[in-house]
Amino acid sequence: MVTQMSTVTTLPVIDARRPSTLREPQGRPEHRRGATGSGRPQPVERGAPPWVQIVPGTILLAAVGFAGKIAEQSIGAYGRAHQLTLPNIEYVLWAIVFGLIVSNTVGVPAVCRKGVDTYEFWLKVGIVLLGVRFLLGDVVKLGTVSLVCVALELAVAILVMTALGRAFRLPPKLISLLSIGSSICGVSAIIAAKGAIEADDEDASYAIAAILALGAVSLFVFPVIGHAFAMSDQAYGLWVGLAVDNTAEATAAGALFSDTAGRFAVLAKTTRNATIGFVVLGYALHWARVRARGAGVGNKAAFLWEKFPKFVLGFVIVSALATAGLFTRGEVADLANLSRWAFLLTFAGVGLRTNVSELARQGWRPLIVGVVGECVIAVITLVMVLAAARAFS
Amino acid sequence: MRLSLDWWAVVAAGLAVVLVKSGIVSRIPW
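Residues numbered from 1 in each chain as written. Chains lettered and ligands numbered in written order. Predicted model: local features only at pLDDT ≥ 70, side-chain atom pairs only at ≥ 80, totals over all residues.

(A) Molecular detail of the overall build of chain A. A tally of regular secondary structure across chain A gives 18 helices and 2 strands. In chain A, which comprises 393 residues, the proportion classed as buried is 53%. Nonlocal contacts in chain A, meaning residues at least 24 apart in sequence, comprise 81% of its contacts between residues at least 6 apart. (Helix = DSSP H or I, 4+ residues; strand = E, 2+ residues; numbered from the N terminus. Buried ≥ 20, exposed ≤ 12 C-beta atoms within 10 Å, placed from the backbone. Contact = placed C-beta atoms within 7 Å.)

Right, here's the structure in full:
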């Protein structure tokens, strides 16, 4: 399964780290591809303010997410009323599944696509607000443990992906993008690196497709493995944060295990995201040397700041305010619940932006490299986390 | 000046904190 390619097809002309609602209209209308990647011309709401254009899709996100919550509650209530022991399937999975059904059957209506694209915005809002549930000391302690694991994971992921990519004779820049995507934070890292190493759109599409396909699979596989190994919430969350590449999928895979595991997955993944600038800078310098253009990156500090995920700062600030005792217990509960609602929209967006039929169009060799590489990385990080579990005890 | 997605998320979350802290928004259900 892959996320629909609308983001990829517009990569050359947009800042993909900016929500679609804030982008300038790009390209000629007939060249804009829809979220299904079908190439059909999409109706464009000319004249409507950006915030109006995102309303239908945001409502769709909320409806799908809320349907997932209702499904969980209804099944639980039915089981209790009829004294049945039904499996407790979390709203997270329902929201993703409902989104998948919509996306892969009737498709996301064109009028809703800009709003659906805001799922990443809601993810980041949710992460910042989640800071209220972490004391700064815990962030430092767990962040340090995570950072050590992240450093090892970065080395392993880059080595594994590079070796596999060369074995399968993938283009060098595609290997770089797959390495960056699997070592740091999936789509954001690939998009950030694409410009830095001047990779082709096609290579970026392949790399994003492979990373997101595996992210979708991880939603179903990781919780099963976590339960099979009887992992603690903290250890599982750390593992997911290290091994699942895209932040939305990592958050969902963590929440599918437990609420606490979801929090730790976000913390570990956020730590990993914070390294994005260093890895992209390394690859940018490498490709600048390969192209023999001398110094390809002028001001390295400015480059690192530009690539640094700023929402991490928001997360740390909110955590610091909570640690300072600024919030009452009721306010903490309110902010934590707002974070959950933001994540609910994110989980719906994960399903709505995932299209099974796109898989065949992306080619199999990058996917094979992605699958084998991610499996190796998942096993190595699992061993690493089980070894690091002592740090939590 | 254009804000990136990350900064918009920080601004939105900051607004939520202000609204909750000021009591304008309270008792958020889940």
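(B) Local environment of the overall build of chain B. The number of helices and strands found in chain B is 1 helix and 0 strands. Its C-alpha atoms give chain B principal-axis dimensions of roughly 35 × 20 × 10 Å. Considering chain B as a whole, with its 30 residues, one finds that 30% of them fall into the buried category.

(C) The arrangement of the environment of A:Ile380 in detail. Looking at where A:Ile380 falls in the secondary structure, it is placed in helix 18 (residues 365-388). With 141 residues separating them along the chain, A:Ile380 and A:Trp239 place their C-alpha atoms 9.9 Å apart.

(D) Region of interest: the interface of chain A and chain B. At the junction of the two partners, chain A supplies 23 residues and chain B supplies 20 residues. If you list the elements that add at least two residues to the side of chain A that touches chain B, you get helix 6 (119-130), helix 16 (311-323) and helix 17 (329-352) of chain A. The greatest single-element share of the side of chain A that touches chain B, amounting to 7 residues, is contributed by helix 17 of chain A. Here the side of chain A that touches chain B is built from residues that sort into 12 nonpolar, 3 polar and 8 charged. (Nonpolar A, V, L, I, M, F, W, Y, C, P; charged D, E, K, R; others polar.)

(E) Examining the nonpolar core more closely. Membership of the largest hydrophobic core comes to 125 residues, with the highest contact counts inside it found for A:Leu129 and A:Ile190. Excluding its chain neighbours within four sequence positions, the residues that come into contact with A:Leu129 are A:Val318, A:Leu335, A:Leu338, A:Ser339, A:Ala342, B:Ala13 and B:Ala16. (Core = buried A, V, L, I, M, F, W, Y, C linked by C-beta atoms within 7 Å.)

(F) Summary view of the environment of A:Val97. Position of A:Val97 among the secondary structure elements: in helix 4 (residues 91-104). Distance from A:Val97 to A:Gly47, taken between C-alpha atoms, is 34 Å for residues 50 residues apart in sequence.

(G) Quick look at helix 16 of chain A. End to end, helix 16 of chain A covers 18 Å across 13 residues, agreeing with the expected 18 Å (1.5 Å per residue, within 8%). Here helix 16 of chain A has its buried residues at A:Phe311, A:Val312, A:Gly314, A:Phe315, A:Val318, A:Ser319 and A:Ala322. Along the axis of helix 16 of chain A, the buried positions cluster into a sector of 160 degrees, meaning they face one direction only. Looking at the buried residues of helix 16 of chain A, the elements they touch are helix 6, helix 7 (136-167), helix 13 (259-273) and helix 17 of chain A together with helix 1 (5-21) of chain B. (Expected span 1.5 Å × (residues − 1). Arc of directions from axis to C-beta.)

(H) Examining the packing of helix 8 (residues 172-183) of chain A against helix 18 of chain A more closely. Residues and elements named next belong to chain A. Between helix 8 and helix 18, the least distance of the axes is 11 Å, while the angle of their chain directions is 35 degrees. Viewed along their axes, helix 8 and helix 18 form a crossing whose handedness is right-handed. Contacts between helix 8 and helix 18 involve Leu 174, Leu 178 and Ser 182 from the first element and Pro 366, Val 369, Gly 370, Gly 373, Glu 374 and Ile 377 from the second. Looking at the contact of helix 8 with helix 18 residue by residue, the class counts come to 5 nonpolar, 3 polar and 1 charged. (Axes fitted to C-alpha atoms, helices over the stretch in contact; angles between N-to-C directions. Left-handed = near helix turned anticlockwise from the far one by under 90°.)

(I) Layout of the packing of helix 6 of chain A against helix 16 of chain A. All names here are of chain A. Direction vectors running N to C along helix 6 and helix 16 enclose 25 degrees, while the axes themselves pass 7 Å from each other. For the element pair helix 6 / helix 16, the angle class is roughly parallel. Every residue of helix 16 that contacts helix 6 at Lys 124, Ile 127, Val 128, Leu 129 and Leu 130 is listed here: Phe 311, Gly 314, Phe 315 and Val 318. In terms of residue class, the contact of helix 6 with helix 16 is made up of 7 nonpolar, 1 polar and 1 charged. (Parallel < 35°, antiparallel > 145°, perpendicular 65-115°, else oblique.)

(J) Just the confidence of the model for chain B, in detail. Summary statistics for chain B give a mean pLDDT of 92 and a share of 97% for residues scoring 70 or more. Both scores are given for the predicted complex: the pTM is 0.72, the ipTM 0.97. (pLDDT = per-residue confidence, 0-100.)

(K) Spatial organisation of the confidence of the model for chain A. All names here are of chain A. With 82% of its residues at a pLDDT of at least 70, chain A reaches an overall mean of 79. When pLDDT is averaged over each element of chain A, helix 5 (residues 113-116) comes out on top at 94 and helix 1 (residues 6-9) at the bottom at 34. The low-confidence segment residues 1-42 (pLDDT under 50) makes 90 contacts with residues lying over four places distant or belonging to another chain.

(L) Spatial organisation of helix 3 (residues 55-81) of chain A. Residues and elements named next belong to chain A. With 27 residues, helix 3 extends 38 Å between its outermost C-alpha atoms, agreeing within 8% with the 39 Å of an ideal straight helix rising 1.5 Å per residue. Listed in full, the buried residues belonging to helix 3 are Gly 57, Thr 58, Leu 60, Leu 61, Val 64, Gly 65 and Gly 68. Among the structural elements, helix 4, helix 5, helix 6 and helix 17 are those in contact with the buried residues of helix 3. Just downstream of helix 3 lies Gln 83, where phi reads positive at about 50 degrees.

(M) Quick peek at unusual backbone geometry. Even without glycine at this site, A:Arg169 takes up a positive phi of about 55 degrees. Phi at B:Arg27 is positive, roughly 55 degrees, even though this residue is not glycine. Here B:Arg27 lies in the segment after helix 1. On the neighbour-count criterion, B:Arg27 (8 C-beta atoms within 10 Å) is exposed.

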